[in-house]
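Read off the chains here:
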Amino acid sequence: MVAKAFGGPEVLTVIDEELPAPGPGEVLVEFRAIGVNPVEYKQYGGAFGTDESTLPLHLGSEGAGIVVAVGDDATGPSGPISVGDEVVVYRGSGTYAEQALEPASAVLPRPAALGVQEAAGLLLTGTTAYDTVETVGVSDGDVVLIHGAAGAVGLLAVQLAKLRGATVIGTAREVNHDYLRSIGAIPVTYGEGLADRVRDAAPGGVDAAIDTVGTDEAVDVSLELVKDKARIVTIAAFGRAAADGFPVLGGGNPASAALRDRVRPELLDLAARGEITNVVAKTFPLADAGRAHTELKTAHPIGKFILLP
Ligand SMILES: NC(=O)c1ccc[n+]([C@@H]2O[C@H](COP(=O)([O-])OP(=O)(O)OC[C@H]3O[C@@H](n4cnc5c(N)ncnc54)[C@H](OP(=O)(O)O)[C@@H]3O)[C@@H](O)[C@H]2O)c1
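Residues numbered from 1 in each chain as written. Predicted model: local features only at pLDDT ≥ 70, side-chain atom pairs only at ≥ 80, totals over all residues. Heavy atoms only, no water.

**Student:** I'd like to hear about the UniProt feature "domain: Enoyl reductase (ER)" (unreviewed entry) in the protein chain, residue by residue, with values.
**Tutor:** Within this structure's numbering, the places UniProt gives as "domain: Enoyl reductase (ER)" (unreviewed entry) are residues 7-307. The span residues 7-307 is 32% helical and 23% strand by assignment, and the distance between its end C-alpha atoms comes to 21 Å. (UniProt positions renumbered as here; feature names shortened; annotations may be inferred. Helix = DSSP H or I, 4+ residues; strand = E, 2+ residues; numbered from the N terminus.)

Encoded structure:
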């Protein structure tokens, strides 16, 4: 599934492509489930530029499946990779496919206790969430405000912050409040009056804020409630972070890339042990990726969207 032009979901198309045998350090993976992330529609929507020489865009950086061929020296972060291994891929490329060649460095064993769909969509959001809690230094006893707590990154940030002993206040639509309570967060509705609702929920103050939404409201409320700007982070408000001087995270930043690579096995372990849960909201056939993206852009059910080849 590729984007043959820049634009809306209509630019997505299924193509047949002959793949060469894996070269040194490469692995051919047959995908059984593929994680969907907003970055993919942003990519073909032109958010990162519209250089036509990059077309067609091969989309997707994560998924889970089985190894069907390996090149020489195919050693992944957790050891040698063999044909037949059940694996999780992240930071891979072109995972919106039945099969794709992936660098061995992006291929990790899937723990037997972790379902293929849950694993397929865990690592982009999980490593991002880990990066946010690490950046703002969440520790035992902290009160942490998470904007977009019911989103895919937000849900994992809530759970990782709880594991570190924090009290978590999470913004979400009313319909998602019961779920947030079930994972130990205090839900508040976003929109007009948000700062006061957070103050009511946290009379002792807020130590840190994690923004996964990128609205001015999320940034303004964070700046109003958190004293130390180093303890505010965003993954979406790039302009505001630069203008207001607080951390912003992106996978392209070398420190973030290294952290995200390093924490992959820990996240897979936590999920396999049931200490974190990656909810699968909905599955779509791979050929319906455009429909998945259209739904993901608007209010949607809690959890991850997964494509099935
Ligand atoms: N910089 C990075 O490294 C990085 C990595 C991953 C993702 N991202 C970006 O982070 C963002 C979130 O990604 P995601 O995968 O978590 O997406 P997602 O699953 O669609 O979650 C976004 C959530 O935002 C909430 N929301 C919508 N409007 C809101 C508002 N006005 N105020 C507060 N919350 C609101 C929604 O929750 P309700 O349903 O409760 O309204 C929704 O669940 C995307 O822009 C993505 O591209 C950046």
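Okay, back to it.
**Student:** I'd love a proper account of the packing of helix H3 (residues 123-135) against helix H9 (residues 254-272), names of residues and values included.
**Tutor:** Their axes nearest at 9 Å, the elements H3 and H9 cross at an angle of 115°. Viewed along their axes, H3 and H9 adopt a mutual orientation that is roughly perpendicular. Seen from above, H3 lies across H9 with right-handed handedness. Across from Leu123, Gly126, Thr127, Thr128, Tyr130, Asp131 and Glu134 in H3, the residues of H9 making contact are Ser256, Leu259, Arg260, Val263, Arg264, Glu266, Leu267 and Leu268. Grouping the amino acids of the contact of H3 with H9 by side-chain chemistry returns six nonpolar, four polar and five charged. (Axes fitted to C-alpha atoms, helices over the stretch in contact; angles between N-to-C directions. Parallel < 35°, antiparallel > 145°, perpendicular 65-115°, else oblique. Left-handed = near helix turned anticlockwise from the far one by under 90°. Contact = heavy atoms within 4.5 Å. Nonpolar A, V, L, I, M, F, W, Y, C, P; charged D, E, K, R; others polar.)

**Student:** Give me the lowdown on the site of the ligand, citing residues and values where you can.
**Tutor:** In the neighbourhood of the ligand, 25 residues make up the surrounding shell, with Lys42, Arg173, Tyr190, Leu249 and His300 lying closest. For the ligand, an oxygen atom lies 2.9 Å from a polar atom in the backbone of Val153. Between an oxygen atom of the ligand and a side-chain N or O atom of Asn176, the distance comes to 3.0 Å. Alone, the ligand offers 920 Å² of accessible surface; in the complex the protein occludes 83% of this. (Near = heavy atom within 4 Å. Polar contact = N/O pair within 3.5 Å; in protein donor to acceptor, adjacent residues only side chain to side chain. Areas by Shrake-Rupley, 256 points an atom, 1.4 Å probe, with all protein chains shown as cover.)

**Student:** Any details on the environment of Arg32? Residues and values, ideally.
**Tutor:** The residue Arg32 is located in strand E3 (residues 26-35) in this model. Of the residues examined, Arg32 reaches a relative accessible area of 40% and is grouped as partly exposed. Taking C-alpha positions, Arg32 is 22 Å from Glu266, a pair spaced 234 residues apart along the chain. Ignoring anything within four residues of it in the chain, the contact list for Arg32 reads Ala64, Gly65, Glu86, Arg110, Val116, Leu308 and Pro309. Within the structure, Arg32 has its side chain in polar contact with the side chain of Glu86 (distance 3.1 Å). (Buried < 20%, exposed > 50% of the residue type's maximum accessible area, 1.4 Å probe, protein only.)

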